[in-house]
Amino acid sequence: MSNLRITALAAAVLCWSAAQSQATGEPAVDAKPPPADAPDFPRPKVDPTAVARGRQTFSTACAFCHGSGARGGEGGGPNLLRSPIVMHDQNGELLAAVVLNGRIDKGMPKFNLPMGIVSDIAAFLHSIDARADASPDFDPKSVLVGNAAAGKTYFNGKGHCTACHSVKKDLAGIGSKYDPQHLQDKIFTAGGTGIFGEPSATAPPTTVKIDMPSGTVVKGRLVEMDDFAVVLVDEGGNRLTIRRDGNVPRVQVDNPLQAHVDIVRNWEDRDLHNLTAYLATLK
Amino acid sequence: MKRIKNSIWACLCAIPVLAAADNAQPAAPAAGSWPSYSGDYSGQRYSPLAEVTRDNVKNLTLAWATRLSQGLDAGGGMFAPPSPPQIIGGEAAEAAVTGGLYSSAAPLSLRGAILEVNGVLYASAPDNAWAIDARTGTVLWHYFWKTKGGTHTSNKGMGMYGDWLFMETADDYLVSLDARTGKERWHHEIASFPEQYFSEVAPIVIGNHVLVGTGNDADEPGSLKSLDPATGELQWQFFSTPMKEGDPGIESWPSLEASRHGGGNVWTAGSYDPATHLYIFGTGNPTPAYAPNSRKGDNLFTCSLVAVNVDTGKMAWYYQTSPHDTHDWDSAQTPILVDGLFNGKPRKLVLQAARNGHFFVVDRVTGEHLLTSRFTPWGKWVKNINDKGQPIRDLSRDVTVGGNVLSIDGWTNWPPPAFSPQTGLFYLREFEIYGLLYYTETDPGGSMGLGGTTRGGQESLGSAIQAIDYQTGKLAWEHHFETGQGFLSTFGSGLLTTAGGLLFAADQGKNLVAFDAERGTPLWHSRLQEVSNAPESYMLDNHQYVMVAAGDMLYAFTLY
């Protein structure tokens, strides 16, 4: 339901770098980034060796029914990570009642385990971050689901990629430079963009050409623009802020990545997957 | 067109109220006050004040500006003005600091509604509340809640009953304050913190009911609770997914295990129709959000407009705007109640622009669907609109390991829309951010909550204020904004319409702008740097004020 959800760490880093990047046109923000690893719902720290022991016991005693990751398994046991008993449990005190007595009516037998072992199992369950965006063993190479030959055809034909790019020049070796996921992200955004899709400091600059009422023409790198002001840095490095009233003065905007913006609504996932598969072969 | 606002308080007075406490009688608000989340129960955010007009808005000028401070009062030294009295509450010994995008230590950003009653403003932010003199901006008291944690997205405002204020906290309490002093009357747990609920909704007070909802991103069920304003005791609880066999909607889930973990959280305030006693609100997405195999079916009553009788907590009707959502495009956007013509006949309507990019018109007495239209250009995820007017998704657009192009946040969000009975137009903030979303969960049990996906590159095509003719679903006008920097620049902060023919809204976030509500032409603006909440309007001493927050600043404008 969240307004926006993103890995806590990535978000903090991105937000922070976004604040930093404003140094190009805005005063730097005088604030410290919040601690990135502090969880929303804090729990007592657990001993990693207890987690390892608990994982071992869980895999032999519990995983058949509840799944190796405790999210429900072949034996029909429920997902434990969203069970209120597990969520309220601190270090095995609530889990013990279920483990030791079983739930005979639901098909769960009794397990005669010492409290220390139950508390190890609890430590293992509490160590799993079910809210995490990416599983720790996610492999970015699994993103490669496309067909490289079809991607090559798209690159040289329908995609019009050769209008700006060459596999022998700017894209030479691109498949070694980025993992497949980041390569695909680069194709989509054509460079660094922020978490809300705004251009980042690493994107090639957008330029503006402004016809001043006096008849002179002002050109430079766009810093920001709204209905009431346009801010640019001219070739001499001067920061200019020009008042706007409606469409006066007229501002022509030139984004070198416009082709990538224009295609955003028209992408077919298959073309993107194929293109990624093709560019990944350019080692 | 008959305005709903006029009849609301009249009807409220007819509802019997508890006379147990000395001040339990709800104060009848003076005309031109702002006593609840949307200013009145209709959700229109239409101020009947007309001193500021299209002709004179160019003379609107600053009456006062005030900076608010959050957290424990640190004292300002000899050059700072004296601090207002501080009242401290909370169950934690020390306030917890949470990290990430929604950190409890984030800079103060006032994003919720601010109440105006009898010349005093009541503002809130996560863990903080303030009373402020509405004529001068002087802070009268500051309440600080020491939190245990929880997802600190944004506090969306307080509710008021007589001299009692009600505020939700991120760690799941409802706190009641004495509005005169800021002293705490009581606090009660409204949801389970270990089950990872978080609470941020503006409580809505109707008769002797305080309605509260909560958020959750961990597969726990959503509900709306009604509490007694005097004691905080539970009156009723409505779950938005089936909690036991035989409950309505159970046929839309594969199992009770799935429906009991099916989400549908009630994380924004709804609107109220005094004639039918129906409280109408939108529900959140089903969970797990991105691994839907464990919840085959329509998943009622997630992503729905739901009408509940406020006296009993029983559902009168529902309309699901996204059957079996798989994209976290929920329907928590404010429903707007309108009495107006539809197909030539006067009807009682509810309007909603949902996060899935579609605008809906529904009969608010019966729940009958009347109109669906798409307000954004990209509709590739829609296979068809079915005979109930519901967008049915193209399965090939669900999230996969290879990554899919999607609008990850949908096309509008909770910052409130508005309606003007003068123009007959529904106003909303539309945005277009498209990006790659990858399914990354490797556990065979599948992802949980909102987990198990990673967002890749994002590309913004900017945002717009749109004016929709509710009778046709078509755009009357649109004012487009190029991409700005950051969250507020695209999501916007909410809208206000006035009887002076105006629409007040932020642009890319830096300017507060007054638009001609009929045509969308900008007529006045003031650069406040980060406009953060929906503008409001109130009347004092026969003068109209327009108020808006910008980060930790509060600004009031007037005509002299």
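It should be noted that the structure appears before, not after, this text.
Anyway, here's the lowdown on the structure attached to this text.

**Some details on the environment of B:Asp163**
Alright, step 1. Of note, B:Asp163 is situated in the loop between strand E8 (159–161) and strand E9 (164–168).
Alright, step 2. With 46 residues separating them in the primary sequence, B:Asp163 and B:Val117 have C-alpha atoms 9.8 Å apart.

**As for the packing of helix H9 (residues 180–189) of chain A against helix H11 (residues 269–279) of chain A**
Residue and element names in this part refer to chain A.
Alright, step 1. It is the contact of H9 with H11, at a shortest axis distance of 9 Å, that shows an interaxial angle of 120°. Overall, the two elements H9 and H11 adopt an arrangement that is oblique. The way H9 lies across H11 gives a crossing that is right-handed. From H9, Pro180, Leu183, Gln184, Ile187 and Phe188 reach across to H11, where they touch Leu272, Leu275, Thr276 and Leu279.
Alright, step 2. A breakdown of the residues in the contact of H9 with H11 according to their chemical character gives seven nonpolar, two polar and no charged.

**Regarding the interface of chain B and chain A**
Alright, step 1. Across the contact, 81 residues belong to chain B and 65 residues belong to chain A.
Alright, step 2. Broken down by secondary-structure element, the contributors of at least two residues to the side of chain B that touches chain A are strand E28 (404–406), strand E30 (425–439), strand E31 (453–469), helix H3 (487–491) and strand E36 (522–527) of chain B.
Alright, step 3. In terms of residue count, E31(B) provides more of the side of chain B that touches chain A than any other element does, nine residues in total.
Alright, step 4. Tallied by class, the residues present in the side of chain B that touches chain A amount to 26 nonpolar, 41 polar and 14 charged.

**Structural notes on the pairing of strand E7 (residues 139–145) of chain B**
All names here are of chain B.
Alright, step 1. With five of seven residues buried, E7 is to be regarded as a mostly interior element.
Alright, step 2. Relative to E7, strand E3 (residues 86–89) is paired through four bridges, and the arrangement is parallel. Residue pairing across strands places Ile87 opposite Tyr143, the latter belonging to E7.
Alright, step 3. In this sheet, E7 lies alongside strand E6 (residues 128–133) in antiparallel orientation, the contact comprising five bridges.

**Things to note about H11(A)**
Alright, step 1. When you tally the buried positions in H11(A), you get nine out of 11 residues, the bulk of the element.
Alright, step 2. The complete set of buried residues in H11(A) reads A:Asp271, A:Leu272, A:His273, A:Asn274, A:Leu275, A:Thr276, A:Ala277, A:Tyr278 and A:Leu279.
Alright, step 3. Looking at the buried residues of H11(A), the elements they touch are helix H7 (148–156), helix H8 (174–177) and H9 of chain A together with E28 of chain B.

Rules and cut-offs
- Residues numbered from 1 in each chain as written.
- Chains lettered and ligands numbered in written order.
- Predicted model: local features only at pLDDT ≥ 70, side-chain atom pairs only at ≥ 80, totals over all residues.
- Helix = DSSP H or I, 4+ residues; strand = E, 2+ residues; numbered from the N terminus.
- Axes fitted to C-alpha atoms, helices over the stretch in contact; angles between N-to-C directions.
- Parallel < 35°, antiparallel > 145°, perpendicular 65-115°, else oblique.
- Left-handed = near helix turned anticlockwise from the far one by under 90°.
- Contact = placed C-beta atoms within 7 Å.
- Nonpolar A, V, L, I, M, F, W, Y, C, P; charged D, E, K, R; others polar.
- Buried ≥ 20, exposed ≤ 12 C-beta atoms within 10 Å, placed from the backbone.
- Pairing = 2+ DSSP bridges.

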